[in-house]
Amino acid sequence: MERFFNTAGPQTPDAYTIDPLSRLNLEEVLTLIRQKRYFVLHAPRQTGKTSCMLALRDYLNERGEYIAVYANVENGQSARNNVERAVKATIDSIAWELFLVLGSDSMDAIKKSVQDVVPESMLSEYLSRLSMSLPKPLVLFLDEIDALVGDSLVSVLRQLRSRYANRPAAFPQSVVLCGVRDVRDYRIVLSNQDIVTGGSAFNIKAKSLRLVNFSKEEIHKLYMQHTRETGQQWDEACFPMVWEATEGQPWLVNALGSEVTSGMEEGRDRSVSITPDMLFKAKENIIYRRDTHIDQLIDKLKEPRVKLVIEPMLANTPETDDGLIPTDDLQYVTDMGLITRDRGKPIRIANGIYREIIPRELTRTTQQTLIQEPQWYENADGLRAETEARRLGKTDRERPGANLAVHEHSRRR
């Protein structure tokens with residue numbers, strides 16, 4: 001079966017892909033793990049974080065020095081401030097993924113043994129007993145950590161911190177938290193309305209790594225995989241267009257490739273080269289179809305703190321330059337991938353596609369309430385008839401048929 005551009009979920013062998021490990025500073029990551037560090041990997045949604053974590057898990061397990069386990073804790077989100085439910089959901093995720101790595105349920109009894117432990121210690125007790133039972137040090141990747149909220153998130157972070165000094169014999173050698181934002185930027189509202197910062201709840205973090213977008217070279221490499229697979233060529237003028245539209249945002253890069261080679265009928269003919277005109281049409285299709293990624297982007301625009309950053313940028317007002325926007329909000333919108341902050345330059349919308357979508361969506365209500373019919377003071381050409389007639393020296397009252405003269409004058413111009 002022909003390979004394809006993947007736009008849903010982690011990368012698979014049957015999809016065109018950039019090696020996830022090549023997107024990490026692998027030596028830096030391995031050094032942090034060897035040094036028994038706990039650290040953060042963060043990036044906007046659909047950037048490839050999960051693919052990188054899964055590839056790193058497999059790499060470590062193949063080397064045989066550690067037992068590496070990846071677990072997505074997003075299923076604890078619905079627990080909200082119910083710490084017991086969130087902690088049990090987190091343990092369930094870890095236990096299931098451990099079963100897949102080991103290929104047996106030999107550690108399942110440990111999960112059962114902590115069910116009567118108080119929720120505030122259940123996760124730390126589970127990880128302690130697990131680490132003591134495994135034949136090799138445990139490396140734990142927790143994905144979607146910032147999906148947890150309130151009391152639940154604080155409890156999980158604090159339990160991961162609580163027995164840090166016991167690693168690796170009685171606690172994980174290394175824990176990697178993966179999410180959209182750096183843990184230091186979490187502002188967690190507890191059920192009693194107290195606010196706790198993620199940095200204080202997880203102050204053992206050694207470093208924060210950010211997964212960056214594709215480079216121009218990686219985009220070219222990805223698209224050339226399609227050429228080698230199918231023989232279909234790309235006009236070289238396409239690549240600057242792809243960069244301007246996406247600036248390497250991985251989902252957008254794959255979505256453009258998928259739409260122009262598979263979604264559009266003319267692109268499915270492998271004897272036809274992909275042209276800039278076809279790529280432009282693919283971009284418009286993605287915008288108007290509002291795929292999941294675009295829909296999530298549009299949903300974020302409804303948030304007050306996002307509007308606080310974006311609207312002054314669109315209005316070209318000075319708030320973005322003189323510090324009137326709260327730093328937390330600026331960082332939040334940056335972590336969402338909506339804006340780019342180049343050193344020494346003004347903040348800007350992250351890429352060409354977002355620059356088209358964001359103004360459209362923020363002004364959608366205004367656009368939809370505009371009256372499209374000519375107004376009473378306009379003639380058929382949309383000119384203000386009375387004003388134009390006066391410019392010519394006559395008004396409607398002074399000269400019957402002035403509108404006709406204005407129209408003829410306008411036509412000749």
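Quick look at the structure, then. Being a predicted model, the structure only gives us computed values, none of them experimental. (Residues numbered from 1 in each chain as written. Predicted model: local features only at pLDDT ≥ 70, side-chain atom pairs only at ≥ 80, totals over all residues. Heavy atoms only, no water.)

The subject of this paragraph is helix α8 (residues 216–230). In this model, α8 (15 residues) spans 22 Å end to end at C-alpha, consistent with the 21 Å of a helix rising 1.5 Å per residue. Of the residues making up α8, those classed as buried are Glu-218, Ile-219, Leu-222, Tyr-223, Met-224, Gln-225, His-226, Thr-227 and Thr-230. Gly-231 sits one or two residues past α8 and shows a positive phi near 85 degrees. (Helix = DSSP H or I, 4+ residues; strand = E, 2+ residues; numbered from the N terminus. Expected span 1.5 Å × (residues − 1). Buried < 20%, exposed > 50% of the residue type's maximum accessible area, 1.4 Å probe, protein only.)

On the surface, Trp-96, Phe-99 and Leu-100 cluster together into a nonpolar patch covering about 310 Å² of accessible area. Here Leu-100 lies in helix α3 (residues 83–102). (Patch = residues over 30% accessible without salt bridge, like charges linked within 9 Å, V, L, I, M, F, W, Y side chains within 5 Å. Areas by Shrake-Rupley, 256 points an atom, 1.4 Å probe, with all protein chains shown as cover. Salt bridge = Lys/Arg side-chain N within 4 Å of Asp/Glu carboxyl O.)

So, about the nonpolar core. Counting 49 residues, the largest nonpolar core has Tyr-223 and Ile-339 as the members making the most contacts within it. Contributions of two or more residues to this core are made by α8, α9 (238–246), α10 (250–263), α11 (276–289), α12 (292–300), α13 (304–315), α14 (327–335) and α15 (352–362). Among the elements that make up this core, the one with the highest residue count is α10 (six residues). If we skip the residues at most four places from it in the chain, Tyr-223 touches Phe-5, Trp-234, Phe-239, Val-242, Val-253, Leu-256 and Gly-257. (Core = buried A, V, L, I, M, F, W, Y, C linked by side-chain atoms within 4.5 Å. Contact = heavy atoms within 4.5 Å.)

Their axes nearest at 9 Å, the elements α10 and α11 cross at an angle of 115 degrees. One element, α10, and the other, α11, form an angle in the roughly perpendicular class. In terms of crossing hand, the pair formed by α10 and α11 is right-handed. For the pair α10 and α11, the contacting residues are Trp-251, Ala-255, Leu-256, Glu-259 and Val-260 in the first and Met-278, Leu-279, Ala-282, Lys-283, Asn-285, Ile-286 and Arg-289 in the second. Here the residues of the contact of α10 with α11 are counted per class, giving eight nonpolar, one polar and three charged. (Axes fitted to C-alpha atoms, helices over the stretch in contact; angles between N-to-C directions. Parallel < 35°, antiparallel > 145°, perpendicular 65-115°, else oblique. Left-handed = near helix turned anticlockwise from the far one by under 90°. Nonpolar A, V, L, I, M, F, W, Y, C, P; charged D, E, K, R; others polar.)

Okay, the pairing of strand β3 (residues 38–42) next. In terms of burial, β3 is a largely internal element, five of the five residues being buried. Where burial is concerned, the two faces of β3 agree: the one with Tyr-38, Val-40 and His-42 and the one with Phe-39 and Leu-41 are both buried. The pairing of β3 with strand β9 (residues 205–210) spans five bridges and is parallel. Its bridge partner being in β9, Val-40 is matched across the sheet by Ser-208. Examined bridge by bridge, β3 and strand β6 (residues 174–179) share four bridges and lie parallel to one another. (Pairing = 2+ DSSP bridges.)

Its location among the elements puts Pro-304 in helix α13. As for Pro-304 and Asp-329, which are separated by 25 residues in sequence, their C-alpha atoms are 9.6 Å apart.

Spatially, five strands are ordered β4-β5-β6-β3-β9 in an open sheet, and the strand pairing comes out parallel. Two strands bound the open sheet, and with one partner strand each, they are β4 (67–72) and β9. Geometrically, the sheet is characterised by an average inter-axis angle of 15 degrees between neighbouring strands, direction not taken into account. Here helix α1 (residues 26–34) sits on the sheet in contact with β3, β5 (138–143), β6 and β9, set at roughly 160 degrees to β9.

Let's shift gears to unusual backbone geometry. With an omega of -5 degrees, the peptide bond between Arg-167 and Pro-168 qualifies as cis. Following the sequence through the fold, Pro-168 ends up in the loop between α6 (150–162) and β6. Of note, the phi angle at Gln-46 is positive, near 55 degrees, even though the residue is not glycine. Mapped onto the elements, Gln-46 comes out in the loop between β3 and α2 (49–63). In this structure Gln-46 comes out as partly exposed when scored by relative accessible area, which is 30%. A positive phi angle, close to 50 degrees, is found at Glu-247, a residue other than glycine. As for its placement among the helices and strands, Glu-247 is situated in the loop between α9 and α10.

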